[in-house]
Each structure stands twice: as C-alpha cells, then as structure tokens.
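The lines below spell out each chain.
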Amino acid sequence: MTTQSPYANLRLLAQLGISLPIIQAPMAGISTPALAAGVSNAGGLGSLGIGAASVAAAREMIRATRALTPQPFNINVFCHEPAVANPQVEAAWLAYLAPEFETFGAAKPTALREIYKSYRVDDAMHQMLLEERPAVVSIHFGLPTAQQIAELQAAGIVLLGTATSLPEAQLMEAAGIDAIVAQGIEAGGHRGVIDPHGPDEGLGTLALVRLLAQHISLPIIAAGGVMDGAGIAAVLALGAQAAQLGTAFVACPESAADAAYRDALAARPAQQTTLTRAISGRPARGLVNRLTELGAAADAPAIPDYPIAYDAGKTLSNAAKASGSAAFAAHWAGQGVGLNQAMPVAALMAALQVELSATINALANLQVRHDTHDAPHLESVQA
Ligand SMILES: Cc1cc2nc3c(=O)[nH]c(=O)nc-3n(C[C@H](O)[C@H](O)[C@H](O)COP(=O)(O)O)c2cc1C
C-alpha cells in the first residue's frame, strides 16, 4: 500500500508508516478506538488523546484500537508544568460561579483539585507507553523530560511535538523530537503553548507553517482550520508534510461527542468560536457558551491554573447536563467549524482523499503567464 502512494515523496509518511498525509488529531474525551482505527485503516494516522485518562483506561484504549487496526496510530499526552494551587484565586473563582451552580440546584464544590497529572511527572503512564509501544506518541503543552524522550525513542516510538511559534519549534528540535505539529490560532481545542502566561503572538496556520518550513529541518504537520482536501493541499503547498484535522472528525459517528455537541456542530450559520481560559485554565478554542462569556466579563476574577479551573468547568458542565442544559459544555471547535460534515470516518477519509487529489490536479492545470506589460497572473490552461 505505502509504495503505491502518490505522496511517497513526503518523508514523514515513511517515518510514520502511513500512506496519506492526513492525521486525525488526538482529542481527549472525543477520539475513540473506532475513530482512530478508521483513520489508520484508510491510510492516515489515527490518534487517541489520553491526557485526561487514567493509566488503565489509556491502556484499554490502546489495546481496543490495536484490535481494530494493524496500522500505526498515535497516542497523545499532556506535558504541562504541574499546576500551582492558589486557594484564594480558586475560592474567588468558585464564588463567582456560585450563582450558576445554584441555577441547576447543585452545590458548588468546596475546593478544586488538579484533576490530572502532567505526563512529565506521571511515571506509571510513561511505563505503560513503554510497554504498549504505540508507533507514534504526540505531546501537547510542552516537552516530556529528556529521559522520557530518550526512553520513548529507544522503544522505537516516533515523537511529534506541538509548537505554536518558531521558538517553541526550535525548543522541540533541540530536544530531539522527530516532527513538529504547527498549530495555528484557528485550531479547535487547547492551544499547545508551552507557557500559557507568556506572550503569545497567536500566529495563524498559514504564517506559522511557512515560517517553520523555512527555519526548522524537521517535517512539519499543519494543524488549525484544515477542514477538507483543499485545506490539506494548501498546507502541503506551504511546506507541511501532512495536515492534522480535529474539528472535521468530531462530527463522525465514531467520535465520543454527545448529541448536544453534534447539534451545535451542525448549526448553520455556524456558531461562533472563541479562545478562552475560563473552561480549563489554559487557552482553548471552542463554541461560545455561558462559561466563555463569564470568563470574558469585565468583572471576572483571575482564573485558576490549568487543570484546576477544569475541575470547576467540568463539575458545572455535569450539573447543567443533569438538568438537560449544554450551556456549560466544552464544545471545542476550530474556526472552520462551519465546514464540518457529519459522515462516517471511512466516508470522510475517502472524501478528503478525492478532494485532495482534485485540488492538486486543479492547481497543476494552472500556469503562470508572464505578460510583458502585466504583472504575472494565474490562468487556467483549460479555460
Ligand atoms: C475536541 C477537540 C479536542 C482536542 N484535544 C486535544 C488533545 O487532547 N491533545 C492535543 O494535542 N490536541 C487536541 N486538540 C487540538 C488538535 O490537536 C488540533 O490542534 C486541532 O484540532 C486542529 O484544528 P482544527 O480543529 O481546526 O482542525 C483538540 C481539538 C479538538 C477539536
């Protein structure tokens, strides 16, 4: 299969053992073994997000995926700096949210917890990955420790690291990561920024991919706003070797999205997305909801550290859901949300492939005509 791929010149594909330049983004809580296996079975790279899972649940997901595909797939972990608790900030945030809990007849939590560990300090998760040996591991929010990187690579695992800027990509390259996921500001879900309190230029996918393709010697994977084959062709033209699509896959029946999330994605005109720290404590893009509005209000207090704020966000979302409301649900979505199409993963992969080659063919049928008087412009040969 791989030797026949028209994309065989992209060295990343051989590195990952795939035949199409399409990666389904890891999506903690949303990606499933069926979704990941569907993508891998079609020649792309399926992914599972285990950043918020227990070791046992993560292992089970890996084994369930293996039972559905012999092809390589990717496991994604969160490498953030462990949370810094601040009881005053947390109490003020809970007090601010108290009326919302009351609306749903729920008691506001008395305290907030760091609801999951960073992979950097999670030795049990690391040992599990060394035992299970997925073909690929991708990392978000920073880097694993140098020892973890060395051990994962010694186990034959290819490492992908998320970068939202050139300095972050340079850090990944210096640490020996194998390929970079260049995540633009358009992307749905959490921004992979290493320091969520540092300066963030918010580069778009187009500028970021081009910048990294010129300054980084590793293969680049473009993420953010890519929804169809034309988008994939566009990022290949910019110098990326593959595209990573998240939002496009959420509406697949194989994802774990609930009915309210699916309805929200199907809305036309599309609902607005916003970048917010209010849901989890880190910047993430999702559909505007009551919590994103509360976070943006002028009188909003400081938001607790990630993932401590997520404890409040998830508790509130569950209380609302129990009352039949999705007003606090984290419906992560990128700027291209209005382009999503709900279809089974196999059909979506087939459509992406057809659109990608149709776009490449259409571009090949354009030629630059240099006119002695006019500036160069594009013209269709067949026109
Ligand atoms: C529902 C959802 C969950 C996500 N969860 C993760 C995650 O667990 N780990 C990760 O590295 N990226 C995560 N992302 C971000 C994706 O990796 C990717 O950067 C993004 O989806 C690309 O933008 P797009 O949504 O416009 O395609 C998530 C994105 C979405 C939409």
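In this report, we go over the structure that sits alongside the text. (Residues numbered from 1 in each chain as written. Predicted model: local features only at pLDDT ≥ 70, side-chain atom pairs only at ≥ 80, totals over all residues. Heavy atoms only, no water.)

Let's shift gears to the overall build of the chain. A count of helical and extended segments in the chain gives 14 helices and 13 strands. What you see for the chain is a C-alpha radius of gyration of 21 Å, in line with the 21 Å of a compact globule of 383 residues. Looking at the chain as a whole, 52% of its 383 residues are labelled buried. Within the chain, residue pairs in contact and separated by at least 24 positions form 66% of the contacts whose partners lie at least 6 positions apart. Carbon and sulfur atoms provide 55% of the accessible area of the chain, an area that totals close to 16100 Å². (Helix = DSSP H or I, 4+ residues; strand = E, 2+ residues; numbered from the N terminus. Rg over C-alpha atoms; globule rule 2.2 N^0.38 Å. Buried < 20%, exposed > 50% of the residue type's maximum accessible area, 1.4 Å probe, protein only. Contact = heavy atoms within 4.5 Å. Areas by Shrake-Rupley, 256 points an atom, 1.4 Å probe, with all protein chains shown as cover.)

Strand order in the open sheet formed by 3 strands is S7-S11-S10, with antiparallel pairing between adjacent strands. Both outer strands of the open sheet, strand S7 (189-190) and strand S10 (273-276), are each paired with one neighbouring strand and no more. Of the pairings in the sheet, the one linking S7 to strand S11 (residues 284-287) comprises 2 bridges and is antiparallel in character. Residue Gly189 lies in a different strand from S11, and its bridge partner there is Arg285. (Pairing = 2+ DSSP bridges.)

Let's shift gears to the packing of aromatic side chains. Each aromatic ring pair is specified by the distance between its two centres and by the angle formed by the two planes. Under the definition given, this model contains 7 aromatic pairs. With 5.7 Å between their ring centres and 35° between their planes, Trp93 and Tyr96 make a pair best called tilted. Note that Trp93 and Tyr96 are positioned in helix H4 (residues 87-103) at a spacing of 3 residues, about one turn of the helix. The pair formed by Trp93 and Tyr96 is uniform in burial state, with each residue classed as buried. Ring centres 6.1 Å apart and planes at 70° place the aromatic pair Tyr116 and Tyr306 in the edge-to-face group. In this pair, Tyr116 sits in the loop between H4 and helix H5 (123-132) while Tyr306 sits in the loop between helix H12 (290-296) and helix H13 (308-322), placing the two residues 190 residues apart along the sequence. Pairwise contacts between aromatic rings join Phe78, Tyr116, Phe141, Tyr306 and Tyr310 into one cluster. The side chain of Arg282 reaches across the aromatic face of Phe141, ending 4.2 Å from its centre. (Phe/Tyr/Trp six-rings, centres within 6.5 Å; stacked < 30°, edge-to-face > 60°. Lys NZ or Arg CZ within 6 Å of the ring centre and 35° of its normal.)

With that settled, the discussion passes to the packing of H5 against helix H6 (residues 146-154). Two numbers describe how H5 lies on H6: the axes approach to 9 Å, and their chain directions differ by 15°. In this view, H5 runs roughly parallel relative to H6, as classed from their interaxial angle. Handedness of the crossing formed by H5 with H6: right-handed. On H6, the residues that touch His126, Leu129 and Leu130 of H5 are Gln148, Glu151 and Leu152. Split into classes, the residues belonging to the contact of H5 with H6 amount to 3 nonpolar, 2 polar and 1 charged. (Axes fitted to C-alpha atoms, helices over the stretch in contact; angles between N-to-C directions. Parallel < 35°, antiparallel > 145°, perpendicular 65-115°, else oblique. Left-handed = near helix turned anticlockwise from the far one by under 90°. Nonpolar A, V, L, I, M, F, W, Y, C, P; charged D, E, K, R; others polar.)

This part takes up the sheet that holds strand S8 (residues 220-223). As summarised here, the arrangement of the 8 strands in space is S1-S9-S8-S6-S5-S4-S3-S2, forming an open sheet in which the pairing is parallel. Either end of the sheet is taken by a strand with one partner, and the two such strands are strand S1 (22-24) and strand S2 (46-49). Across the sheet, the mean angle separating the axes of adjacent strands is 25° when strand polarity is ignored. Note: strand S5 (residues 158-163) against strand S6 (residues 179-183), 4 bridges, orientation parallel. Counted as the bridge partner of Thr162 is Val181 from S6.

That is the geometry; function is a separate question.
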